[in-house]
Amino acid sequence: MRDFSLETFFSRWEFDARYHMTASDIQSMSVSDVLALASDEDRQHFQDLQLSYTETYGAPLLRQEIANTYDTAEPEDILCFAGAEEGVYVAMKVLLSKDDHAIVVVPNYQAAETLPLEICDVTGVPLDPDNNWALDLDQIRAAIRPNTKLISINFPNNPTGAILERSCFDALIDICRAHDIYLFSDEVYRLIERDPVLRLPQAADVYEKGISLNVMSKAYGLPGLRIGWIMCQDRDLLQKMERYKHYLSICNSAPSEWLAVIALRARETILKKNRTLVNDNAAKLTAFFAEFPELFDWQQPDGGCVGFPAYIGPGSTDDFCEDLISKSGVLLLPPQIYQSELLPISWNRFRIGFGRKDIESGLAAFRGFLRANR
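This one's a predicted model, so the numbers in the text were calculated from it and none came from an experiment. (Residues numbered from 1 in each chain as written. Predicted model: local features only at pLDDT ≥ 70, side-chain atom pairs only at ≥ 80, totals over all residues. Heavy atoms only, no water.)

**Student:** Lay out empty space enclosed by the protein in plain terms, naming residues and giving numbers.
**Tutor:** By the definition in use, this model includes three cavities of 30 Å³ or more. Each pocket or cavity is described by its volume, and for the largest cavity that value is around 90 Å³. Surrounding the largest cavity, 13 residues form its lining, Phe155, Pro156, Glu187, Leu200 and Pro201 being those nearest its centre. Residue classes in the lining of the largest cavity are distributed as eight nonpolar, one polar and four charged. The volume enclosed by the second largest cavity comes to roughly 40 Å³. (1 Å grid on protein atoms, 1.4 Å probe; cavity = no way out; pocket = protein on both sides within 12 Å on 5 of 7 lines; lining within 4 Å. Points joined across faces, edges and corners; volume = space filled by probe spheres on them. Nonpolar A, V, L, I, M, F, W, Y, C, P; charged D, E, K, R; others polar.)

This is how it looks when you write it as structure tokens:
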């Protein structure tokens, strides 16, 4: 397997950096915070929980609560995983063979590119940074081959925060349907849009070969639960994924599943709080980058809690990020982590996160570095 450079980078820096300014999640909650949102009955159930194995598909109550977040899903359309990454891994391993071809939108979460590359031929189709990171459907059409099995998308996008226009999303589904192609849709930042008007449907709700990936880590701010899932109308495909999961996590943590049930039942409260935090932080970032127009080209993302600004100052962006962490303790994700094997792209951009509290401390250190060194 190729090195998972994103996670290797975080293994080195995530817990050592003084100011973690590239986190891809939203401010987490404590167990007490989650239990405070529970009914008396649900809280007692958690306290009395047996620490036994759970069902491979996920606890029935959890699958019901997840299904409630979709327009058309039944619990039988849900398969739970130990985080979203296990879902990506299993889906790619089950769907693709060496004789297949996949199309991946770039930039994307690294595993969406590297896992298919380990299995079959893959074509990358770039988002256009000069057009609000739009997707050119003519390039998608041109990339399709007789053996194309899968198109992989990620909106709101990591790392750009871009969201497809609804007309483009609908047209992409029409393309997939016409060519009998699965659409793998990473939707982990859905529900954290700057404007709800931008919100897209979940692919598995509107397309019979749509595969919707989601997780408690991002929009809900609960990565420590390690609860992810796939929703798909193709139950035979879900069963194949479930059997593959037997060789991986087998099942999820029982306490995590029940805490996820409580959180999902209180999702409107959690999401309202998280949207407020993220939108406030996005405005603070916009004001910060406006102080340094000669150094940065910043475009406020449509959704999610990460952005992908360009560094336009002296030297390379990789050197800039290294200098920043060594002198100020501010951690950004440098472009070397987003070098695609699919396209000859050399980003001058870094990923910055704005989903956590006390962003002001990191921005103050960032500002001090720029004034002293740039």
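We are not done yet, so read on.
**Student:** Pulling in residues and values, what's your account of unusual backbone geometry?
**Tutor:** That bond from Phe155 to Pro156 is cis: its omega, -10°, falls within 30 degrees of zero. Omega for the bond connecting Asn158 with Pro159 falls within 30 degrees of zero, at 25°, which places this linkage in the cis form. Positive phi, normally seen in glycine, also occurs at Trp133, with a value near 60°. What makes Trp133 buried here is its relative accessible area of 5%. Positioned with a positive phi, Asp180 is a non-glycine residue whose angle comes to about 55°. Within the secondary structure, Asp180 sits in the loop between helix 8 (166–179) and strand 7 (182–186). (Buried < 20%, exposed > 50% of the residue type's maximum accessible area, 1.4 Å probe, protein only. Helix = DSSP H or I, 4+ residues; strand = E, 2+ residues; numbered from the N terminus.)

**Student:** An account of the sheet that holds strand 5 (residues 134–135) is needed here, citing residue identities and associated values.
**Tutor:** Within a sheet, adjacent strands bond to each other through the backbone by hydrogen bonds, running parallel or antiparallel. Ordered in space as 2-9-8-7-6-3-4-5, the eight strands form an open sheet in which the pairing is mixed. Looking at the sheet topology across the chains shown, the edges are occupied by strand 2 (78–81) and strand 5. Bridge count for strand 3 (residues 101–106) against strand 6 (residues 148–154) is four bridges, and the pairing is parallel. Residue pairing across strands places Ile103 opposite Ile151, the latter belonging to strand 6. Those strands touched by helix 5 (residues 84–95) are strand 2, strand 6, strand 7, strand 8 (210–215) and strand 9 (228–232), and its axis lies near 160° from that of strand 8. (Pairing = 2+ DSSP bridges. Contact = heavy atoms within 4.5 Å. Axes fitted to C-alpha atoms, helices over the stretch in contact; angles between N-to-C directions.)

**Student:** I'd like a description of the pattern of salt bridges, backed by residues and values.
**Tutor:** Using the criterion set out here, one finds 18 salt bridges in the structure. Residue Glu360 is joined to Lys284 by a salt bridge in which the shortest nitrogen-to-oxygen separation is 2.3 Å. One end of the pair, Glu360, is in helix 14 (residues 359–373); the other, Lys284, is in helix 12 (residues 267–290), with 76 residues separating them in the sequence. Relative accessible area serves as the criterion here: at 38%, Glu360 is assigned to the partly exposed category. For the salt bridge of Glu291 with Arg367, the shortest nitrogen-to-oxygen distance reads 3.0 Å. In this pair, Glu291 sits in the loop between helix 12 and strand 10 (296–297) while Arg367 sits in helix 14, placing the two residues 76 residues apart along the sequence. (Salt bridge = Lys/Arg side-chain N within 4 Å of Asp/Glu carboxyl O.)

These results come straight from atomic positions and should not be treated as a statement about function.
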